[in-house]
Amino acid sequence: MLDKDPNDPSPNQPPPPATAADAPAAAAPAPEPVKLTDDPDYGPFFKMMAVKVPRGAIEIKMQQKGLDPAMLDKDPNDPSPNQPPPPATAADAPAAAAPAPEPVKLTDDPDYGPFFKMKAVK
């Protein structure tokens, strides 16, 4: 080892950090769509219909909240237009180009450095 250039990289380099691109893609199941009756915006209006509140009153209340009253014509088990965004995956995130760590020189290596210092003393 002492016949190598002291500025060569040490064989005791830590492995490079794992990146998201290196990891196998875990196939996460797609989330179940939110039903209109379970939607926090539309659900209360379908409950109002279930307890026989006049449709006109429900439509006015929906318009006041900025919601489309035509949604009352749909099946309450249809998917809501307010679906939560899919969970972010590592593949979706932009790859941050992390700089590669500088290699440790043999003279700076804790295992080999002292021997190169002894060799330099002569």
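Look up: the structure comes first, before these words.
On a predicted model such as this, the values are computed, not experimentally measured, just so you know.

Focus: the overall build of the chain
Okay, so step 1: Looking only at helices and strands, the chain features three helices and zero strands.
Okay, so step 2: Each helix and strand of the chain, ordered N terminal to C terminal, gives the series α-α-α.
Okay, so step 3: Across the chain, contacts joining residues at least 24 apart in sequence account for 69% of those joining residues at least 6 apart.
Okay, so step 4: For the chain, the computed accessible surface area is about 9,400 Å², with 61% contributed by carbon and sulfur atoms.

Overview of the nonpolar core
Okay, so step 1: Residues L36, Y42, F45, F46, I58, M62, L67, M71 and L72 constitute the largest nonpolar core, which totals nine residues.
Okay, so step 2: Setting aside residues no more than four positions away along its own chain, L36 makes contact with Y42, G43, F46, M71, K74, D75, P76, D78, P79, S80 and P81.

Here's the deal with the side chain of S80
Okay, so step 1: Within the fold, S80 resides in the loop between α2 (55–64) and α3 (113–121).
Okay, so step 2: A polar side-chain atom of S80 sits 2.4 Å from a polar atom in the side chain of D39.
Okay, so step 3: Discounting chain neighbours no more than four positions away, the residues touching S80 are V34, K35, L36, D39 and Y42.

Comments concerning the pattern of salt bridges
Okay, so step 1: Applying the stated criterion across every chain, the model contains two salt bridges.
Okay, so step 2: Here D73 and R55 are joined by a salt bridge, their closest N and O atoms 2.5 Å apart. Taken together, the residues D73 in the loop between α2 and α3 and R55 in helix α2 connect sequence positions 18 residues apart.
Okay, so step 3: Owing to a relative accessible area of 59%, D73 belongs among the exposed residues under this scheme.
Okay, so step 4: The exposure class assigned to R55 is partly exposed, which follows from its relative accessible area of 31%.
Okay, so step 5: Three or more residues joined by partner-sharing salt bridges are found here, namely R55, E59 and D73.

Notes on the packing of helix α1 (residues 43–50) against α2
Geometrically, a packed helix pair is captured by the angle between its two axes and the distance between the axes.
Okay, so step 1: Two elements in contact, α1 and α2, have axes whose closest approach is 10 Å; the angle formed by their N-to-C orientations is 170°. Comparing the axis directions of α1 and α2 gives the class roughly antiparallel. Residues F45, M48 and M49 of α1 lie in contact with α2, whose contacting residues are R55, I58, K61 and M62.
Okay, so step 2: Among the residues making up the contact of α1 with α2, the classes are represented as five nonpolar, no polar and two charged.

Digging into α1
Okay, so step 1: Considered for burial, the residues of α1 that qualify are G43, F45 and F46. With its buried residues spanning 165° around the axis, α1 presents them on a single face.
Okay, so step 2: Those residues of α1 that are buried are in contact with α2.
Okay, so step 3: Of the residues trailing α1, K52 is marked for its positive phi of about 70°.

What counts and what doesn't
Residues numbered from 1 in each chain as written. Predicted model: local features only at pLDDT ≥ 70, side-chain atom pairs only at ≥ 80, totals over all residues. Heavy atoms only, no water. Helix = DSSP H or I, 4+ residues; strand = E, 2+ residues; numbered from the N terminus. Contact = heavy atoms within 4.5 Å. Areas by Shrake-Rupley, 256 points an atom, 1.4 Å probe, with all protein chains shown as cover. Core = buried A, V, L, I, M, F, W, Y, C linked by side-chain atoms within 4.5 Å. Buried < 20%, exposed > 50% of the residue type's maximum accessible area, 1.4 Å probe, protein only. Polar contact = N/O pair within 3.5 Å; in protein donor to acceptor, adjacent residues only side chain to side chain. Salt bridge = Lys/Arg side-chain N within 4 Å of Asp/Glu carboxyl O. Axes fitted to C-alpha atoms, helices over the stretch in contact; angles between N-to-C directions. Parallel < 35°, antiparallel > 145°, perpendicular 65-115°, else oblique. Nonpolar A, V, L, I, M, F, W, Y, C, P; charged D, E, K, R; others polar. Arc of directions from axis to C-beta.

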